[in-house]
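# Tertiary structure, described
Chain residues, written in single-letter form:
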Amino acid sequence: INAEYGGCGGVCRVTDSGSNDISYQWSDSSGVIADTREHTLTISSTDTVEYTCKITTADCIDGSPIGRVSIAGAGSDSSSYSYTYDSSLLSYIWWEPTTSKSADLEIACTGSGSGGNFIQEVYLNGEVKSTSFPFKIDAESSNSGAYQCGTVNDGEHVYLKQHTTEVLIVGTPAATISSSTTTYRDGETATITCAISGHPIKSVAIIFNSIAQNITKDNATHYTSEITSFSSAVAGTYTCETMIEWFKSDSGSAQQTSAADSLTLQYVKDAETTLTVTDPSPTKGDSLTLICVVVGYPAPTSDPQLRYISTSSSITSYINFSLGCSGTNTKTCTHQIGSVQYIDSGMYTCNGSNVVDGQRKESEDSVNVTVTGNIEVKITLSQFTTTLTSQPVEIDKALSLTITCSADGNPKPESVTLKKDGDDVTGSETDGYYSKTIVHSIPSLKLWDSGLYSCIGAHNAGGTDPSVERTVYVISPANVTIIVDDQTPDLRAAVSVTCEAVGGYRPSVVTLTKGGTELKKYPDTGTFCTETNDYTLTCNHNIATFEYADNGDYQCTATNPIANSGTSPTAYSTTKTIAVSKAVAVSLNPSSSKDVDSAGSESITCIVDGGAKPYKVTLDRPGSQSTLEWRDDGSSASLTCSEKGVPNILECTYTLNMQKYADDGEFTCTGYNRLTDGDTEQTADAFVNIIITKDVSVTLSEIGTLEMAHGDGLSLTCTADGGRTPHYMELKRQSTTLVKYDEENPADNVDPGLVIKNPNELILGYNKVSSVEYENGGRYTCTSRNKAMNETVAEDSEAVEIIVVKDVSIEDVADLNLDFNDSVNISFQVEGGKEPKSVKITKNGESVLDWSRSGSGQGGCSGGNVLSCSVTISADDWSKNGTYEITAKNNAANNAEKNDTDRFSVTVFKDVVTKFTRPSGSEADMPFEGEYTIICSAEGGREPNEVVLRYPGGTEYQWTRNSSSNSLSCSGSYETSCSHTFTPTYDSDGSYTCIGKNEGRYGAVSSSAIVVLTTVQETTMKVNKKTFSTLTDGLLTLICTVSKKPAIDKNQVNWKFPNGSGYVSDEYISRTPIGDYTWEVTLNISRPSTKLEGLFSCEADGVVETVDVTIAEKEFLEDPVISFFPTTFEKEGTVVISCSVEGYPTDGMDVRLDVTRLKGGETLTLTELRQTVDGKERESVFEHIISCDDHEFTCTVTASGRDDMKSKESKLVPKPIEGCAVALYVIIGAAVGGFVLLALLIVPVILWVRRRTSKKTAPPIHTNGTSFRNEVFVPSPTPVGGFEDSPYATIDDTIDPKKAAYLERKRKEDEAYAVLKPTSSREIRVPKNYKPMRNRPKHAIPLEPSYITNMDKPANSSKDV
């Protein structure tokens, strides 16, 4: 079993079933503490400890041990029974079964006693649980509760509640949620039941969507929640949760376990379908939208169906929703018809469904749509796929043609008619649901079939729309022919152009144009055209002299008129080209070879002439350059050509690139044409030679100023080009030639192989410096020469300034170790490119070296890119210790300032030197018990690391650098000062040693200093009390203590009487030495007179201390009188004990009552309930639970009113309680033998039974001190229960006679007695002057409130008290 409990100790017992194969093991948080079957634990009232008892035996049920807990109790009805109980037993037990099988927990009541029909009983929550022992309970939570022990006598229960054991059997929580069904429809009521188990239950909840629902508790294990009107909003998962909460001790932390179960409730609804339409009677061409909504729970399993029954054909068809469907439980589907037609009229039906309880539930809804519209007339031709309007339609003759005339509408047109130029045209007729149609066919069109065709649809004369007409022109288009007598005439020959136009209607307009320019127009030009017949016009144009300007495309255009059409007629045209025939010729400008300067500009012009316009020109360029070409069809245009006056003469121009030497050389221009279409190609060409010249030009890969990082590779490229190739190139650094190439003087060449010669250019690549140094810097110049125009020599050059850069750097300086007063010279180098401009050495911000190239602070450094610097350091003080910082600066790449820093340390060594700085001079004396500070210092390099201050007698105070636990206070670095403050005493005289330590240059060193100090003390005095009180029969004692160093003479210390009465004689004074420098002087006067009251003074060496003495006359008794009430106890239980004190001043009095117990010698101090003070009498009342273990009561009185009376006490050892006495006799009998045991048991039992049966004593009456009402006592002639009146007041003859007389007098004054008489109303009469708390007989006990209540208001009971 596992148990946690608090209290003042306890015993946990384990009882087995008799098996020998059992092992036990007790443990707590520290480990195993015992291996015995029974182990006693004693713990304090503040402990909460978990103890584990592990039992290994075959009698365990699935590993769960059989446990037993003893619960003891006792009780009596004061006349027959007396029982013991063990108040140290457990007050709280928890049990958490670990298996599904039931183990047992044993409950036992222990006690002893005698009497008729005595039965022990176990009570659970106030109800009888069992009368047999041991009583076993199953591991079921229903057996939890408060267990108590009681007795039964003659069928009446006596409850004993001195001890209660709470037993908690933890039941594992479980939850089950259910409902009559899991599916509900709209408005139905759903009841959810939550069945739970477990113990102890802390909470039960039914949760939906994280919200606790309202629940009703049907009983301890069933809870319900009701949903009065079910809907989809309350459908979902409901969870029943239960939690148990319990404690492993009566003050432990809560243990919680929970369980849950879930149930899903479903909302069901048969599918409902609704179909709506935007307009049930739309006009043809309108937009129409149908919306089908299906609502169902569960959700519809598929999209609904939309079907359509046509009004005109009665055919059923199914339609897919054009805009699709959305939603789950509410599914919305949309179908849209962008432009409704008559055929869309009909009945539309939407069918939706879902599955409820395994059955398909279908529903549908329908709407009727009727498309309306006025008459619409169409006329169509077989040659055209689109519906015709009033625009003219042209169809070539000899083609077949079908003309369809139709009219539709809702309501349907009554008639349809087809006309040509106003006359009816016959054809085949057909009727539709909404239309009428006439079809007219023409197998082969003739010119006379041209005309205005009209289609007319009409209702009856009374209709709202009697007729609608649509028309179309059908004509044969114009046919145009051009006749030219010579299309390629000779230059200036005569040429005739004839234009003939024929159409279904005779063309009304004929126009002749050339190249888009109108030449003639009919009917504007009167003689241009002649009407040959009803359908033909013939037009003539004559050119007497044909020039190049007459070359071109001649176009004849004819327009077919349509009478009364009101529209623009269609034009038809034919084109022919007429051009002069002539061979091609080519000329160039410049016409001969030419030299040109590249600084100028030059172009070549090519003139190409031909009878027929040249259709291609090419220009061949020198070398590998591509040929340029021009074509008249635009397929090639890399050469720019344009007409020169007339199209037959072309002027082509090419501009030379004067900077591109490949452009010079021979250029050839070629022209191409043909005399007539299809003739052989003719060509002609011309050429010219062009030479481009230019002065040499030099380009360096780097120019201006070039910064290069120290150590990088140097690479320069020099390029020289010119009209004629350069013949000379030279590269110099400063004045030194690095590379030279000279074709005219090869003997002067330097590294000529670095120069590459190409057409028109020289290239020099210089990369011989792989790692630049400072000396590689400087001005690099490249120079080149060539021969320009007129054989003159041209020269050019370019230069670059190279600067070698490097961030400044400082040579490392080693750390220095110097002896004190030594000096050393430090040398180091600083390097940088550009040159370092400043060098500084600082220590802690102070300058040691400050050099600048600009001149300020010069000294200490010299050189260019590499500086040499030096400085001298002298170790003449501690400030030279530390870290020195060297800082150097220069301007490096991009003129950015760079700096470098180096550090070195200087350590100055000096062996430690120790000295005292206090005391000095006259400070060698220390004030006794005053504050004194010793100061010593230690100087050294390195820094002192330890200082020890040693006092006389060997006590040391130590300081260690960088330690946090020093006993000596020190500060400073190389000069460390330490101090220690203390209060000198007589033992402080002697030698003080200060020891300093440090690490010298060659190891650890130390030094010490010694000073001798002496303590001095002025005269000091103190008295033991500043005030003193006594009585005239008491003792006056005053003590004066005087100290001085050197010691004072004892006779110099005296006591002096008050009021200048002189010094006290030595017969009343004793002088006692305390140590070497202190005297204690005591004054003792017995039975002092009141005349001695006043200020007594102690004097010595001019120092005075006084004591104010008060002497009073003696009062009352010499010692306090302490008495107990009651002096005996008849049974265990709660009693009230009073401790009375008389004859002692009550001001400042403290009264304490202690109880000493046998077990362990434990002493228990009781708490005072109340007190009563009357003059010199004080009564203190305490409440206590009497136990057989109580041995001795001690009442202690402490008073502060008299200096000669400290405290007094009185002890009471009561007689053993009768039940306890029986147990005591048994113990004694076991020690001396069976016979003695029998005698000791029988005699007291017989005496006790005789007392109880012959003359029963009235039970004690309890009160809480409340005054009673003064009521009339009505006597009754018959005593109740055989109780007889008896006096309560008795006199203890052991009390002092004086006190006894005093008590008797007080008793008579108060008439303090009460008589219990049996009456029907159970009333008590109490005298008016009754004082219940003062000087009552020792065995009169205050009434308990419950007894008073019973007397005032009788209960229905046969028992009387």
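Below is a short write-up of the structure. (Residues numbered from 1 in each chain as written. Predicted model: local features only at pLDDT ≥ 70, side-chain atom pairs only at ≥ 80, totals over all residues. Heavy atoms only, no water.)

### Some points on the pattern of salt bridges
When their charged atoms lie close together, side chains carrying opposite charge are able to pair. The final tally for this structure, using the stated rule, is 32 salt bridges. Residue Asp 408 pairs with Lys 284 through a salt bridge whose shortest N-O separation is 3.8 Å. Of this pair, Asp 408 sits in strand β35 (residues 401–410) while Lys 284 is found in the loop between β25 (269–277) and β26 (288–297), placing the two residues 124 residues apart along the sequence. Residue Asp 408 shares its accessibility class with Lys 284, and that shared class is buried. Linked through salt bridges whose partners overlap, the residues forming this network are Lys 284, Glu 376 and Asp 408. (Salt bridge = Lys/Arg side-chain N within 4 Å of Asp/Glu carboxyl O. Helix = DSSP H or I, 4+ residues; strand = E, 2+ residues; numbered from the N terminus. Buried < 20%, exposed > 50% of the residue type's maximum accessible area, 1.4 Å probe, protein only.)

### A short note on the sheet that holds β25
Backbone hydrogen bonds are what pair the strands of a sheet, in a parallel or an antiparallel way. Across the sheet, which stays open at both edges, the four strands sit in the order β25-β26-β30-β29 with antiparallel pairing between neighbours. Of all the strands in the sheet, the pair left with one neighbour each is β25 and β29 (325–326). Inspection of the sheet shows β26 paired to strand β30 (residues 330–337) by eight bridges, in the antiparallel sense. Looking at the pairing, Leu 290 lines up with His 335 of β30. (Pairing = 2+ DSSP bridges.)

### Remarks on the nonpolar core
Counting residues in each nonpolar core, the largest one holds 28 residues, and the members touching the most others are Leu 714, Leu 764, Tyr 766 and Ile 802. Taken together, the elements giving at least two residues each to this core come down to β59 (697–700), β60 (704–709), β61 (714–721), β62 (728–733), β63 (736–742), β65 (761–769), β66 (778–787) and β67 (793–810). Beyond its immediate chain neighbours, meaning those up to four positions away, Leu 714 contacts Met 708, Tyr 766, Asn 767, Lys 768, Val 769, Val 772, Tyr 780 and Ile 802. Grouped together as the second largest cluster of nonpolar side chains are 26 residues, Leu 816, Phe 828, Trp 851 and Ala 888 included. (Core = buried A, V, L, I, M, F, W, Y, C linked by side-chain atoms within 4.5 Å. Contact = heavy atoms within 4.5 Å.)

### Thoughts on the state of the cysteines
Within this structure, the stated rule accounts for 14 disulfides. Two residues share a disulfide in this structure: Cys 718 and Cys 782, whose sulfurs sit 1.8 Å from each other. What sets the handedness of the Cys 718 and Cys 782 disulfide is the S-S torsion sign, and at about -90° it is left-handed. Taken together, the positions of Cys 718 in strand β61 and Cys 782 in strand β66 put the pair 64 residues apart, joining distant regions of the chain. Considered together, Cys 718 and Cys 782 belong to a single accessibility category, that of buried residues. Covalently, Cys 970 is tied to Cys 978 through a disulfide, its sulfur atoms 2.0 Å apart. When the S-S torsion is 115°, as for the bridge of Cys 970 with Cys 978, the disulfide is right-handed. With a relative accessible area of 16%, Cys 970 lands in the buried category. (Disulfide = S-S within 2.5 Å.)

### Side note on the packing of aromatic side chains
A complete count under the given rule lists 19 aromatic pairs for this structure. Both rings, one in Tyr 932 and one in Phe 982, keep their centres 6.1 Å apart while their planes meet at 80°; by these two values the pair is edge-to-face. Remark: Phe 982 occurs in strand β81 (residues 975–982) and Tyr 932 occurs in strand β77 (residues 932–941); sequence separation between them is 50 residues. Both residues of the pair, Tyr 932 and Phe 982, count as buried. (Phe/Tyr/Trp six-rings, centres within 6.5 Å; stacked < 30°, edge-to-face > 60°.)

### Focus on the sheet that holds strand β28 (residues 316–319)
Read across the sheet, four strands follow the order β28-β27-β31-β32 without closing on themselves; strand pairing throughout is antiparallel. Each of the sheet's edge strands pairs with one partner strand only, and the pair in question is β28 and β32 (359–369). Strand-to-strand, the axes of this sheet are offset by a mean angle of 25°, without reference to chain direction. Pairing between strand β31 (residues 346–356) and β32: 11 bridges, direction antiparallel. Residue Asn 351 lies in a different strand from β32, and its bridge partner there is Glu 364. (Axes fitted to C-alpha atoms, helices over the stretch in contact; angles between N-to-C directions.)

### Some points on the environment of Lys 1215
Locating Lys 1215 in the fold gives a position in the loop between β98 (1207–1212) and α1 (1218–1232). Judged by its relative accessible area of 62%, Lys 1215 falls in the exposed class. As for Lys 1215 and Glu 1192, which are separated by 23 residues in sequence, their C-alpha atoms are 10.0 Å apart.

### Focus on the environment of Cys 499
In this structure, Cys 499 sits in strand β43 (residues 495–502). The buried category is assigned to Cys 499, whose relative accessible area is 2%. With 30 residues separating them along the chain, Cys 499 and Cys 529 place their C-alpha atoms 8.6 Å apart. Excluding its chain neighbours within four sequence positions, the residues that come into contact with Cys 499 are Val 480, Thr 481, Ile 482, Val 510, Leu 537, Thr 538, Cys 539 and Cys 556.

Coordinates in, geometry out; function isn't part of it.
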